[in-house]
Amino acid sequence: MIGRWWLRTDVFLHAYLVMVLGCIYFLFNFIEGISFAERAGESTLFRGAWLLLYLLLMLHVAIDRNRFGLLMLQSHLYLTFIAFALVSLALSADPAGSSIKFAMYLLTTMFSAWVVISCPVDRLVDTLFRIGIVVLIVHVLLFPVIGSQWDYDPLHRPTVLGTQAYAGVFGHKNLAGAFFGLMVLICFVRMLAGPRRQFGWTLLLMGCHFFALAAAGAAGPLISMLTALAVTFGLLLVVLGHRGAASIYWLGLAFVALVVFAVPSDELYGLVGRSGNLTGRSFLWSVWPHFFWQHPWFGYGFSGFFNELPNSPVNELTSMAPWNTEFGSFENSYLDAFLQFGLLGGALYMLLLALALWNTIVFAFERRGMYCMAPFAMLLFVVIASANDSSQLLHNYFGCVLVFWCYFGPEARLQMAPRRTFNRLRVSEA
């Protein structure tokens with residue numbers, strides 16, 4: 001009986017999504033008495049939870065091996081990218097140590113493929129929606145307990161609400177901001193496409209997620225969410241065939257974009273309580289070419305640049321910084337991709353990402369589900385937010401899951417003959 005419970009697809013799906021969403025990430029530190037300043041990867045319980053999920057993933061893949069294998073055989077770009085990533089890994093300074101992290105990254109991409117063959121888009125959106133409600137309630141209830149005990153912003157910057165940043169058990173304001181930004185978009189899609197009787201309370205829930213995002217003090221996710229929201233609504237007008245309204249809307253959006261580009265950067269960032277140096281990101285981006293051109297073709301390998309070896313390249317970066325700090329990325333997923341995979345692997349990854357975005361647009365116009373706009377909205381949010389964080393290349397984060405989910409699907413967008421076989425397998429095993 002217990003074995004059957006663990007094999008249930010919905011239980012495994014919820015557990016894996018909760019982990020990659022980061023909503024209990026630092027709870028492991030709290031349970032084991034480890035400071036929030038430490039990474040949750042230092043927790044034995046955290047590592048054990050991931051190991052269990054990986055074992056269950058391989059078990060589910062083995063059960064769905066026919067459908068999974070068919071999907072993989074059609075994913076030529078993915079297989080080519082993995083091959084180049086393995087070459088970069090083999091040429092890195094620490095192939096043994098980096099192999100563990102790359103294996104976890106690979107397993108997360110495999111989870112994305114498993115979601116495609118096992119979970120329709122509407123069901124995934126509903127699952128995320130329910131998780132968002134539970135996390136929001138816990139997030140609010142924990143404020144009296146830990147809200148005043150932890151300083152989530154070392155620079156003590158106020159949020160757009162004028163309050164101190166609050167990230168709850170996320171432990172970091174950007175993790176909280178990304179989660180609630182994603183939930184705002186999911187609520188938005190459900191509000192437009194779901195039953196009318198749910199419109200009011202979905203709108204209320206969307207406002208609550210927006211308030212939690214603003215209270216987190218994460219400027220990047222806030223801007224990314226607003227941009228994704230505006231573009232998604234514009235695409236929805238086109239998909240619904242409202243040509244006149246779509247033309248006016250996109251002209252207005254283009255005018256707003258021109259105004260934004262015309263405003264001096266310091267004044268623009270000042271609207272969200274930030275400065276033009278983007279909390280040190282401008283320094284990281286300025287020195288990135290120096291390191292990239294040392295290994296331009298195959299890069300440093302996955303996590304080959306940021307590691308704890310005595311001769312690690314990150315040590316040189318630390319010595320160049322105008323302040324004493326440790327870096328874990330270049331705070332830009334695209335720069336990190338080219339740094340880790342090189343020009344060849346990085347170009348393949350960019351092509352893979354472009355195809356994923358294209359798949360979401362095609363899926364939106366096909367309108368095969370109630371929430372056909374959801375994949376586009378969620379992926380666009382990740383794509384924009386990744387310009388100032390490394391979420392796409394984190395092996396245990398939702399950004400990685402979402403990119404490959406959209407690349408593989410979002411509902412197995414295969415060639416016509418294999419697609420018919422896939423659909424027959426899906427119906428027969430449902």
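Residues numbered from 1 in each chain as written. Predicted model: local features only at pLDDT ≥ 70, side-chain atom pairs only at ≥ 80, totals over all residues. Heavy atoms only, no water.

Participant: Explain the overall build of the protein chain here, please?
Facilitator: Tallying secondary structure elements over the protein chain gives 20 helices and zero strands in all. For the protein chain, buried positions account for 52% of its 430 residues. Pairs at least 24 apart in sequence give 74% of the contacts found in the protein chain among residues at least 6 apart. Surface summary for the protein chain: the accessible area is close to 19900 Å², and the carbon and sulfur share equals 68%. (Helix = DSSP H or I, 4+ residues; strand = E, 2+ residues; numbered from the N terminus. Buried < 20%, exposed > 50% of the residue type's maximum accessible area, 1.4 Å probe, protein only. Contact = heavy atoms within 4.5 Å. Areas by Shrake-Rupley, 256 points an atom, 1.4 Å probe, with all protein chains shown as cover.)

Participant: How should I be thinking about the confidence of the model for the protein chain in this particular structure?
Facilitator: This prediction gives the protein chain a mean pLDDT of 81; 83% of its residues lie at or above 70. Helix α18 (residues 374-385) holds the highest mean pLDDT among the elements of the protein chain, 94, whereas helix α1 (residues 2-7) holds the lowest, 43. When the criterion is pLDDT under 50, residues 1-7 qualifies, and its contacts beyond four places in sequence or with other chains add up to seven contacts. Note that pLDDT drops below 50 for residues 414-422; the model gives that stretch 15 contacts with residues more than four away or on any other chain. (pLDDT = per-residue confidence, 0-100.)

Participant: Explain the packing of helix α4 (residues 44-63) against helix α7 (residues 95-118) here, please?
Facilitator: Angle between the axes and distance between the axes: these two values describe a pair of packed helices. α7 packs onto α4 with a crossing angle of 45 degrees between their chain directions and a minimal axis gap of 10 Å. If you check the angle between α4 and α7, you find them oblique. Of the two elements, α4 crosses α7, and the hand of that crossing is left-handed. Taken together, the residues of α7 that come into contact with α4 (itself represented by Tyr 54, Leu 57, Met 58, His 60 and Val 61) are Met 104, Leu 107, Thr 108, Phe 111 and Trp 114. Of the residues assigned to the contact of α4 with α7, the class counts are eight nonpolar, two polar and no charged. (Axes fitted to C-alpha atoms, helices over the stretch in contact; angles between N-to-C directions. Parallel < 35°, antiparallel > 145°, perpendicular 65-115°, else oblique. Left-handed = near helix turned anticlockwise from the far one by under 90°. Nonpolar A, V, L, I, M, F, W, Y, C, P; charged D, E, K, R; others polar.)

Participant: Where do I start with helix α19 (residues 398-408) in this structure?
Facilitator: An α-helical turn contains 3.6 residues, so a residue and the one three or four places further along point in the same direction. Among the 11 residues in α19, 11 count as buried, and that is most of the element. Residues of α19 that are buried include every one of Phe 398, Gly 399, Cys 400, Val 401, Leu 402, Val 403, Phe 404, Trp 405, Cys 406, Tyr 407 and Phe 408, and no others.

Participant: Is there a simple way to explain the nonpolar core in this structure?
Facilitator: In globular proteins that are soluble, nonpolar side chains generally tend to be buried together. Within the largest apolar cluster, 108 residues are counted, with the highest numbers of intra-cluster contacts made by Phe 111 and Phe 404. Looking at this core, the element that brings in the most residues is helix α10 (residues 173-193), giving 14 residues. When neighbours within four sequence positions are excluded, Phe 111 is seen to be in contact with Phe 12, Leu 13, Tyr 16, Leu 17, Leu 57 and Val 401. Counting residues in hydrophobic clusters, the runner-up holds 17 residues, among them Val 287, Phe 306, Leu 335 and Phe 338. (Core = buried A, V, L, I, M, F, W, Y, C linked by side-chain atoms within 4.5 Å.)

Participant: Quick question: what am I supposed to make of a nonpolar patch on the surface here?
Facilitator: On the surface, a nonpolar cluster with roughly 350 Å² of combined accessible area is contributed by Phe 255, Val 256, Val 259 and Val 260. Topologically, Val 260 is positioned in helix α13 (residues 243-262). A relative accessible area of 35% places Val 260 in the partly exposed class. (Patch = residues over 30% accessible without salt bridge, like charges linked within 9 Å, V, L, I, M, F, W, Y side chains within 5 Å. Salt bridge = Lys/Arg side-chain N within 4 Å of Asp/Glu carboxyl O.)

Participant: Can you walk me through the side chain of Thr 360 in this structure?
Facilitator: Mapped onto the elements, Thr 360 comes out in helix α17 (residues 333-366). Once residues within four sequence positions are removed from consideration, Thr 360 is found in contact with Pro 375, Phe 376, Leu 379 and Cys 406.

Participant: Any chance you could explain unusual backbone geometry here in plain terms?
Facilitator: One can expect most non-glycine residues to show negative phi and most peptide bonds to be in trans. For Glu 331, which is not a glycine, the phi torsion comes out positive at approximately 55 degrees. Relative to the helices and strands, Glu 331 resides in the loop between α16 (313-320) and α17. We classify Glu 331 as partly exposed; its relative accessible area is 26%.

Participant: In this structure, what is going on with empty space enclosed by the protein? I would like to understand it.
Facilitator: To find leftover empty space, one rolls a probe the size of a water molecule over the atoms. Enumeration over the complete set of coordinates arrives at four cavities of 30 Å³ or more. Lining the largest cavity we find Leu 21, Ala 178, Phe 179, Leu 182, Phe 381, Val 382, Ala 385, Asp 389, Ser 391, Tyr 397, Phe 398 and Gly 399. For the lining of the largest cavity, the elements supplying multiple residues, two or more each, are α10, α18 and α19. A breakdown of the residues in the lining of the largest cavity according to their chemical character gives nine nonpolar, two polar and one charged. (1 Å grid on protein atoms, 1.4 Å probe; cavity = no way out; pocket = protein on both sides within 12 Å on 5 of 7 lines; lining within 4 Å. Points joined across faces, edges and corners; volume = space filled by probe spheres on them.)

Participant: Could you clarify how one ought to interpret the packing of α17 against α19 in this entry?
Facilitator: α19 packs onto α17 with a crossing angle of 65 degrees between their chain directions and a minimal axis gap of 7 Å. By the angle between their directions, the pair α17 and α19 is classed as roughly perpendicular. Where α17 crosses over α19, the handedness of that crossing is left-handed. Residues Tyr 349, Leu 352, Leu 353, Leu 355, Ala 356, Asn 359 and Thr 360 of α17 lie in contact with α19, whose contacting residues are Val 403, Phe 404, Cys 406 and Tyr 407.

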